[in-house]
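Structural description and commentary
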Amino acid sequence: MARAGITPERLIGVGAELADEVGIDRVTLAEVARRFDVKTASLYSHVANTAALGEGIALLALTEMADRLAIATAGKAGRDALAGLAHTYRDYAHAHPGRFAATLVPLSPDAAAASDGRRHVHLTEAVLAGYALSPETHPHAVRLIGSTVRGFITLEAAGGFAHSAPPASDSWIAIIDALDALLTHWPTSPDSERIAS
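Just so it is clear, the structure is predicted and the values come from calculations on it, not from any experiment.

1. A few points about the overall build of the chain
- Regarding its fold elements, the chain presents ten helices and zero strands.
- For the chain, the succession of helices and strands along the chain, N to C, is α-α-α-α-α-α-α-α-α-α.
- By principal-axis analysis of the C-alpha atoms, the chain measures approximately 60 × 40 × 40 Å.
- A total of 197 residues make up the chain; the buried ones form 38% of that total.
- Contacts in the chain between residues at least 24 apart in sequence constitute 70% of all its contacts with a sequence separation of at least 6.
- Surface exposure of the chain reaches about 10700 Å², of which carbon and sulfur atoms provide 58%.

2. A look at the side chain of T103
- Within the fold, T103 resides in the loop between helix 5 (97-102) and helix 6 (109-114).
- At 3.1 Å, the side chain of T103 and the side chain of R150 are in polar contact.
- In this structure T103 touches A58, A61, L62, M65 and R150, once residues within four positions along its chain are discounted.

3. What to know about helix 8 (residues 138-157)
- Taking 1.5 Å of rise per residue, 20 residues should cover 28 Å, and helix 8 covers 28 Å from first to last C-alpha, within 8% of that figure.
- Every buried residue of helix 8 is listed here: H138, A141, V142, I145, V149, R150, F152, I153 and E156. The buried residues of helix 8 occupy one face: seen down the axis, they fall within an arc of 150°.
- Contacts from the buried residues of helix 8 go to helix 3 (50-73), helix 4 (78-95), helix 5, helix 7 (117-128) and helix 9 (168-184).

4. Some thoughts on the layout of surface pockets
- Taken as a whole, the largest pocket encloses approximately 520 Å³ of empty space.
- Among the secondary structure elements, those contributing two or more residues to the lining of the largest pocket are helix 4, helix 7 and helix 8.

5. Thoughts on the pattern of salt bridges
- Across all of its chains, the model carries nine salt bridges by this definition.
- One salt bridge connects D20 with R99, and the closest N-O pair in it is separated by 2.8 Å. Placement of D20 in helix 1 (residues 8-22) and of R99 in helix 5 is noted, with a sequence separation of 79 residues between them. Summarising the burial analysis for this pair, D20 and R99 share the class buried.
- Note that R99 and E64 form a salt bridge whose closest N and O atoms lie 3.0 Å from each other. Of this pair, R99 sits in helix 5 while E64 sits in helix 3; the two residues are 35 residues apart in sequence, bridging distant segments of the chain.

6. Some thoughts on the side chain of D180
- With respect to the helices and strands, the residue D180 is situated in helix 9.
- The charged side chain of D180 is buried without a salt bridge, its nearest counter-charge being R79 at 5.1 Å.
- Contacts of D180, omitting those with residues within four sequence positions, involve G78, R79, L82 and Y131.

7. Here's the deal with the packing of helix 3 against helix 7
- Here helix 3 crosses helix 7 at 20°, and the two axes come no closer than 9 Å. By the angle class used here, helix 3 and helix 7 are roughly parallel. Considering how the two elements wind past one another, helix 3 and helix 7 form a crossing that is left-handed. Along the contact surface, helix 3 presents L62, T63, M65, A66, D67, L69, A70 and T73, while helix 7 presents G117, R119, H120, L123 and V127.
- Within the contact of helix 3 with helix 7, the residues separate by chemical class into seven nonpolar, four polar and two charged.

What counts as what
Residues numbered from 1 in each chain as written. Predicted model: local features only at pLDDT ≥ 70, side-chain atom pairs only at ≥ 80, totals over all residues. Heavy atoms only, no water. Helix = DSSP H or I, 4+ residues; strand = E, 2+ residues; numbered from the N terminus. Buried < 20%, exposed > 50% of the residue type's maximum accessible area, 1.4 Å probe, protein only. Contact = heavy atoms within 4.5 Å. Areas by Shrake-Rupley, 256 points an atom, 1.4 Å probe, with all protein chains shown as cover. Polar contact = N/O pair within 3.5 Å; in protein donor to acceptor, adjacent residues only side chain to side chain. Expected span 1.5 Å × (residues − 1). Arc of directions from axis to C-beta. 1 Å grid on protein atoms, 1.4 Å probe; cavity = no way out; pocket = protein on both sides within 12 Å on 5 of 7 lines; lining within 4 Å. Points joined across faces, edges and corners; volume = space filled by probe spheres on them. Salt bridge = Lys/Arg side-chain N within 4 Å of Asp/Glu carboxyl O. Lys, Arg positive; Asp, Glu negative; His and termini not counted. Axes fitted to C-alpha atoms, helices over the stretch in contact; angles between N-to-C directions. Parallel < 35°, antiparallel > 145°, perpendicular 65-115°, else oblique. Left-handed = near helix turned anticlockwise from the far one by under 90°. Nonpolar A, V, L, I, M, F, W, Y, C, P; charged D, E, K, R; others polar.

Listed below in structure tokens is the structure:
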């Protein structure tokens, strides 16, 4: 790859491609420099260090996923919107495993503030608009959907379901159905003592 035309955006793009190939944990500035056929030191004017590169990849992935989520949920409600949201995350993780893994690493406060993470929350809240949930339950429901969907995808990527039946795809559909049922029949009077404990 030619030396000319190196920009922070191109560096992050190459880093993202590398992450999908070898895993986000193996992405380094040195390896990206090899892809550009330059010395590592020449990249420091574009990105501070490997950690900053990783944050850049995470920000890219958050934006790419948010764009896909907006399309997948537009004009849908209830289970259809929920399934569109969930399938988009899983499909993205299958297509871009390194980028998806990068989004699981906590961002610095500044990076988080500049990220499209809020779009993910807003899009999830838009899905919740199709359910009769009180406003105060929305943060809990957003966290439930996020942790369930991302947790399943992470375990699947690690091979956690590879040696047992039924196929992971069957469980995936059952989990979407279960989330839909829970969101449809969300408890209206939780036991405050049980929650506090």
